[in-house]
Amino acid sequence: MRASRPSRRVVLASTAAVAALTGLPALTTKAHAGELDTVSSSYRWRNAVIGGTGFVTGVLFHPAVPGLAYARTDIGGAYRWDDRTARWTPLTDQLGWDDWNLLGVEALAVDPVHPNRLYLAVGTYAQSWAGNGAVLRSEDRGTTWTRTDLTVKVGGNEDGRGTGERLLVDPRDSDTLWLGTRHDGLLKSADRGATWAAVSGFPATASASGQGVTFLVAAGRAVYAGWGDGDGSASAVNLYRTTDGTTWTAVPGQPTGTSAKVPIRAAYDRHARELYVTYADAPGPNGQSAGSVHKVATVTGRWADVTPVQPGGSDSFGYGGVAVDARRAGTVVVSTNNRWAAVDTLYRTTDGGRTWTSLKDTAVFDVSETPFLKWGADQPKFGWWIQAVAVDPYDSKHVLYGTGATLFGTRDLTHWAPRIRGLEETSVIQLISPPVGEAHLISASRDIGVMYHERLTASPSRGMATNPVFGSATGIAQAAGRPSYVVRTGWGDNGNGAYSGDGGRTWAPFAAQPSLAHDAPGPIATSADGSTLLWSFVHWDGTKYAAHRSADNGATWSEVSSFPKGATPVADPADPTLFYTYDTDTGTLYASTDSGLSFTARAGGLPAGDSQFQLVAAPGRSGDLWLSVKWNGLYRSVDGGASFSKVASCWASYTLGFGRPAPGADYPAIYQVGSTETITAVYRSDDEAKTWVRVNDDRQQWGWTGQCIVGDPRVYGRVYLATNGRGIQYGERV
């Protein structure tokens, strides 16, 4: 499935300055850091299993250690493969709130001579508003890290993120590393990545908006660098080489033209002494319509065009991944990319590219472990966004390839299945923990829509919600007094809203929807009894529109002009006639007492200017509202939003939710992602936010976690946390 608007890539910056507070009563004086207990309660954290769900941008077998492999993702960090347990181990979960930009991995490198060494070039965005990148260095295969901050940007989630690898251990000297950047040329380290300096003799000229160095690959004792900023002309240079580590020159005879404009990846056949290079007319993963595969004999310099199939006409695409078989000369696997008409494939040759076989044509898939990969169809696709391909150096028939949603593997070149256990990359927008029913969790995410989690330890058996299928969800809501009724909204080609009468197991589309829904589906709320729906509309570019209301299960809709445009509706969990919303543009709480027909302003002068401020209602109570306003703190209203008081125990609050009360308590446990003056973490309060205890630790932080948190109403202490690239984390007391 094509990535739908908007994709799971989220800008985590405030949209405007925060307005000053005026006229707000305070419960007590401003909180101090010590009022949030930073001593972690004993918790065990795991992923609620879905399996993959994101773009695997690189996969690399270690050339000298059987069964050792690494994978990188665009927003979800890096992983190490454990062949004994057949699972991936996350390696970058220790990156916390302030380091969210480092969860995107641009490149990885291993040392063939020192198998315990691992290097990562990290940084999600190369834009001006993002922080600089870093290089992480490990001497124990990623168990622990030493960090070197760079002075340049790194773009693990930018266009071209599937090229690579841009990081390389020099084949002549393990202390020397090379790092290709997007906008700052070629960097070199002589001390295993501790310090870096620009390579002054590299002949290509960097630009502020280009791809720069797309890959670095060793061919014997030489190093080759792909250059992604050529214009495709006959005189353009896209491949450079050094044989002494000092002097770089253009490789003679290299291919030119549109189909060889951007070098994507390269792999060296040491037996035949040939370097294979894949090309496209754009860096990908989107926007490619032409491409080719070429090889060069590194001894003679002779080039050959070995393209399996020429793109053209309605079958437009580029080429992406390439991997050689370390055991057999002339055996190579390449991938197509952005081939939506005929669907992408892997081509394999055993004769140096003279003939090729499409592995898709004989592929037999088993996706029973991750049923969502069928995307509502009878069979899964071979894949899309295929730019990462690897062949096991100790098993010629063991091939892996990454897609925009998973990592497929085979041991016989015919039977394929996800090799994804332990790798979870979902970007989650909303979570519900139902008070009754089989599932303790329903999730709404970018790229994979809505899922009903019967078990937390297995991918949902129904896959993604269908009828209709959403690419990315924008909202989900459950009627508090009628939990069998659930509604969802999102980006889809066959409808943008649906309802369920069985708690989220099966779905039916709304009989009608406002015309805005197709291009601007936003969040939705349902009244406590399920009789009224309020649907807000926000275009993917941020444009806000008037909300609409339905009192007949989506058969008809009417505009609610008094509802603030683009705001998120919140239903009162006890009184079906009451709705609330928080206008983040003006810092005003609005309420409806007539089942959403009209809204009037109540409390004002609250923090404003940030669309990520969140309003939630405490379960089982009418008018008990909590407002998380980031570094402005946490506010509470017990009168339906007529007035708010600042909660003194909290310095900052980003997202908040509720779960089963502690034994002997009469108020729900409160969970939040909040901050002391030194750390942002996950907290629980059992006494109505008077005191807090931290429930995660420094090893488990997962970058940015400010989207959504909710406790389990049936299990005290269990909490579900949405991440932007590390799936759904859930914690339980131990």
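Everything below is about the structure printed above this text.
This one's a predicted model, so the numbers in the text were calculated from it and none came from an experiment.

**Details of the overall build of the protein**
Scanning the protein from N- to C-terminus turns up zero helices and 57 strands. In terms of C-alpha radius of gyration, the protein reaches 26 Å, essentially the compact-globule figure of 27 Å for 734 residues. Overall size of the protein, expressed as C-alpha extent along the three principal axes, is 80 × 50 × 45 Å. Counting only contacts in the protein whose residues sit at least 6 apart along the sequence, the fraction spanning at least 24 positions is 53%. Accessible area of the protein: about 25600 Å², with a carbon and sulfur share of 48%. On the protein, the mean spot of the 65 positive side-chain charges and the mean spot of the 68 negative ones are 4 Å from each other.

**Side note on the sheet that holds strand E48 (residues 625-628)**
Ordered in space as E47-E48-E49-E50, the four strands form an open sheet in which the pairing is antiparallel. Bordering the open sheet on either side are strand E47 (614-617) and strand E50 (645-646), each of which pairs with just one other strand. Sheet topology places E47 next to E48; four bridges connect them, and they run antiparallel. Within E48, the residue paired with Ala617 across the bridge is Leu625.

**Section: the sheet that holds strand E41 (residues 544-550)**
Read across the open sheet, the four strands follow the order E39-E40-E41-E42; overall the sheet is antiparallel. A strand with exactly one partner marks an edge of an open sheet, and here the two such strands are strand E39 (521-526) and strand E42 (558-560). Adjacent strand axes in the sheet meet at a mean angle of 30° when their direction is disregarded. Note that E39 and strand E40 (residues 533-538) share four bridges and pair antiparallel. Its bridge partner being in E40, Thr526 is matched across the sheet by Leu533.

**Things to note about the layout of surface pockets**
Reported here for the second largest pocket is a volume of approximately 1200 Å³. In terms of lining, the second largest pocket is formed by 43 residues, of which the most central are Leu60, Pro63, Val217, Ala218 and Tyr268. Taken together, the elements giving at least two residues each to the lining of the second largest pocket come down to strand E3 (56-61), strand E7 (105-110), strand E11 (167-169), strand E15 (213-219), strand E19 (262-269), strand E23 (318-324) and strand E28 (388-391). Taken together, the residues of the lining of the second largest pocket sort by class into 29 nonpolar, five polar and nine charged.

**Brief notes about the pairing of E40**
In terms of burial, E40 is a largely internal element, five of the six residues being buried. In this structure, the hairpin formed by E39 and E40 is closed by a connection of six residues, where Gly530 is found at a positive phi of approximately 75°. When E40 meets E41, the two strands line up antiparallel, connected through five bridges. Bridge pairing in E41 places Phe537 opposite Tyr545.

Definitions and limits used
Residues numbered from 1 in each chain as written. Predicted model: local features only at pLDDT ≥ 70, side-chain atom pairs only at ≥ 80, totals over all residues. Heavy atoms only, no water. Helix = DSSP H or I, 4+ residues; strand = E, 2+ residues; numbered from the N terminus. Rg over C-alpha atoms; globule rule 2.2 N^0.38 Å. Contact = heavy atoms within 4.5 Å. Areas by Shrake-Rupley, 256 points an atom, 1.4 Å probe, with all protein chains shown as cover. Lys, Arg positive; Asp, Glu negative; His and termini not counted. Charge placed at Lys NZ, Arg CZ, Asp CG, Glu CD. Pairing = 2+ DSSP bridges. Axes fitted to C-alpha atoms, helices over the stretch in contact; angles between N-to-C directions. 1 Å grid on protein atoms, 1.4 Å probe; cavity = no way out; pocket = protein on both sides within 12 Å on 5 of 7 lines; lining within 4 Å. Points joined across faces, edges and corners; volume = space filled by probe spheres on them. Nonpolar A, V, L, I, M, F, W, Y, C, P; charged D, E, K, R; others polar. Buried < 20%, exposed > 50% of the residue type's maximum accessible area, 1.4 Å probe, protein only.

None of this, on its own, says anything about what the molecule does.
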